[in-house]
Amino acid sequence: MTWNPDPESLRGRVALVTGATRGAGRGIAAALGEAGATVVCTGRSTRTGTTRSDYGRPETIEETAELVESLGGVGVPVPCDHLDPAQVAALADRVRSEHGHIDVLVDDIWGGESLHGPDNWNTPVWDLDLAGGLRMVRLGLETHLITAHHLLALLLDRPGGGLLVEVTDGTADYNATRYRISAFYDLVKVGLNRLAFSLGHELAPRGGTAVALTPGWMRSEMMLEAYSTTEEDWRSADAPPGFAVSETPRYVGRAVAALAADPDRGRWNQRSVSSADLAREYGFTDVDGSRPDVWRYELDGATDPAGYR
């Protein structure tokens, strides 16, 4: 049977997705939109050009909000630099004034792609650029702490408790025994799994749920560009075998939407999961009807992608 999103499952719910300009953030905002949610989309890249991310790319939060609208939700673009506590405090005030609360907070802030290119992989910390490494930590961890400080209070009055999703790279189990690219990158991505655990501890007595969620090998705008391909032609790209088990950004988004719609989501509190883990639990698919699982492919040491999507 073909799986289709329920356009009413999150109707009337308010979600806020940080880092919604592109990649996983845009995919998550889109999937919440196709479930009927109102989605506040934050980021630094705007159509006005008054603020830009470190990437200097063309995607904007306005485009993401329009995608949310086209899929049946309500999209609200709000420029915000989550490294600036004053801007995040102002964002919280605006959301409180316009929406009263948040049902779902997704923290997808990253922005460090240009700081850990392949030339720097497996380079010891003493040979890395210190300023760039510390910038990565600020972008990947400090932003999440500032966001939690100012926005989590908006989750606490929700019936059944609100949902916080910390988006990272790799599950806690996978990362626990693997060195992830560099000391700086490793710290950030492992740290976000632990942050979800810590915040879940603090939210649970108030009915809230915190989950660390990782996509698999995600075909983001930047990834497609890196392999000189498009979403239409990605299967013929000159890429490693594991790329055949890659997923669209909508897949991890549907994982968030499934969690948000589950009245028993508290069972996931403090857990670290992948989009594929939740696809097996909730039955959703990627946009092509498949259920890719690149983490299982990696853990199995597989070389043949068959059977992993």
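Because the structure is predicted, anything quoted here is derived from the model rather than measured.

J.: Just checking my understanding: could you explain the packing of helix 1 (residues 23–34) against helix 8 (residues 249–261) for this structure?
T.: The relative placement of two packed helices comes down to the angle between their axes together with the axis-to-axis distance. Following both chains from N to C, one finds helix 1 and helix 8 inclined at 50°, their axes separated by 7 Å at the closest point. Taken together, the axes of helix 1 and helix 8 lie oblique to each other. The element helix 1 and its partner helix 8 pack so that their crossing is right-handed. Mapping the contact onto sequence places Gly-23, Ala-24, Gly-27, Ile-28, Ala-30, Ala-31, Leu-32 and Glu-34 in helix 1 and Pro-249, Arg-250, Val-252, Gly-253, Arg-254, Val-256 and Ala-257 in helix 8. Residues that form the contact of helix 1 with helix 8 fall into these classes: 9 nonpolar, 3 polar and 3 charged.

J.: What should I look at first to understand the side chain of Asp-108 in this one?
T.: With respect to the secondary-structure elements, Asp-108 resides in the loop between strand 4 (104–107) and helix 4 (130–151). Lys-189 provides the closest opposite charge to the buried, salt-bridge-free Asp-108, at an N-O distance of 7.3 Å. Contact partners of Asp-108, with chain neighbours within four places excluded, come to Thr-18, Gly-19, Arg-22, Ala-24, Gly-25, His-144 and Val-167.

J.: How should I be thinking about the environment of Thr-60 in this particular structure?
T.: Among the secondary structure elements, Thr-60 is positioned in the loop between strand 2 (38–43) and helix 2 (61–70). Sequence-distant contacts of Thr-60, that is, excluding residues within four places in its chain, are made with Thr-21, Arg-26, Ser-45, Thr-46, Arg-47 and Arg-52.

J.: Would you mind going over the pattern of salt bridges with me for this structure?
T.: Pairing is possible between side chains of opposite charge, provided their charged atoms come close. The final tally for this structure, using the stated rule, is 23 salt bridges. A salt bridge links Glu-231 to Arg-219; the nearest nitrogen and oxygen atoms lie 2.7 Å apart. Residue Glu-231 is found in the loop between helix 7 (221–226) and helix 8, and its partner Arg-219 is found in the loop between strand 6 (209–214) and helix 7; the two are separated by 12 residues along the sequence. In this structure Glu-231 comes out as partly exposed when scored by relative accessible area, which is 29%. Close ionic contact of Arg-280 with Asp-277 constitutes a salt bridge, the shortest N to O distance being 2.6 Å. Of this pair, Arg-280 and Asp-277 both sit in helix 9 (residues 275–282), 3 residues apart, which is roughly one turn of that helix. For Arg-280, a relative accessible area of 52% translates into the label exposed. Each of the salt bridges in this network shares a partner with another, and the network as a whole consists of Arg-22, Arg-57, Glu-59 and Glu-225.

J.: So what exactly am I meant to see when it comes to the sheet that holds strand 2 here?
T.: Within a sheet, neighbouring strands are paired by backbone hydrogen bonds and run either parallel or antiparallel to one another. Across the sheet, which stays open at both edges, the 7 strands sit in the order 3-2-1-4-5-6-7 with parallel pairing between neighbours. Edge positions in the open sheet fall to strand 3 (74–79) and strand 7 (272–274), since each of these has one partner strand only. Strand-to-strand twist of the sheet, defined as the mean angle between neighbouring strand axes without regard to direction, takes the value 20°. Alignment of strand 4 against strand 5 (residues 163–167), held across 4 bridges, turns out to be parallel. Paired with Asp-107 across the two strands is Glu-166, which belongs to strand 5. Strands in contact with helix 4 are strand 1 (14–18), strand 4 and strand 5; relative to strand 4, the strand with the most contacts, it is inclined by about 165°. Along the sheet, helix 8 makes contact with strand 4, strand 5 and strand 6, crossing strand 6 at roughly 165°.

Rules used in this analysis
- Residues numbered from 1 in each chain as written.
- Predicted model: local features only at pLDDT ≥ 70, side-chain atom pairs only at ≥ 80, totals over all residues.
- Heavy atoms only, no water.
- Axes fitted to C-alpha atoms, helices over the stretch in contact; angles between N-to-C directions.
- Helix = DSSP H or I, 4+ residues; strand = E, 2+ residues; numbered from the N terminus.
- Parallel < 35°, antiparallel > 145°, perpendicular 65-115°, else oblique.
- Left-handed = near helix turned anticlockwise from the far one by under 90°.
- Contact = heavy atoms within 4.5 Å.
- Nonpolar A, V, L, I, M, F, W, Y, C, P; charged D, E, K, R; others polar.
- Buried < 20%, exposed > 50% of the residue type's maximum accessible area, 1.4 Å probe, protein only.
- Lys, Arg positive; Asp, Glu negative; His and termini not counted.
- Salt bridge = Lys/Arg side-chain N within 4 Å of Asp/Glu carboxyl O.
- Pairing = 2+ DSSP bridges.

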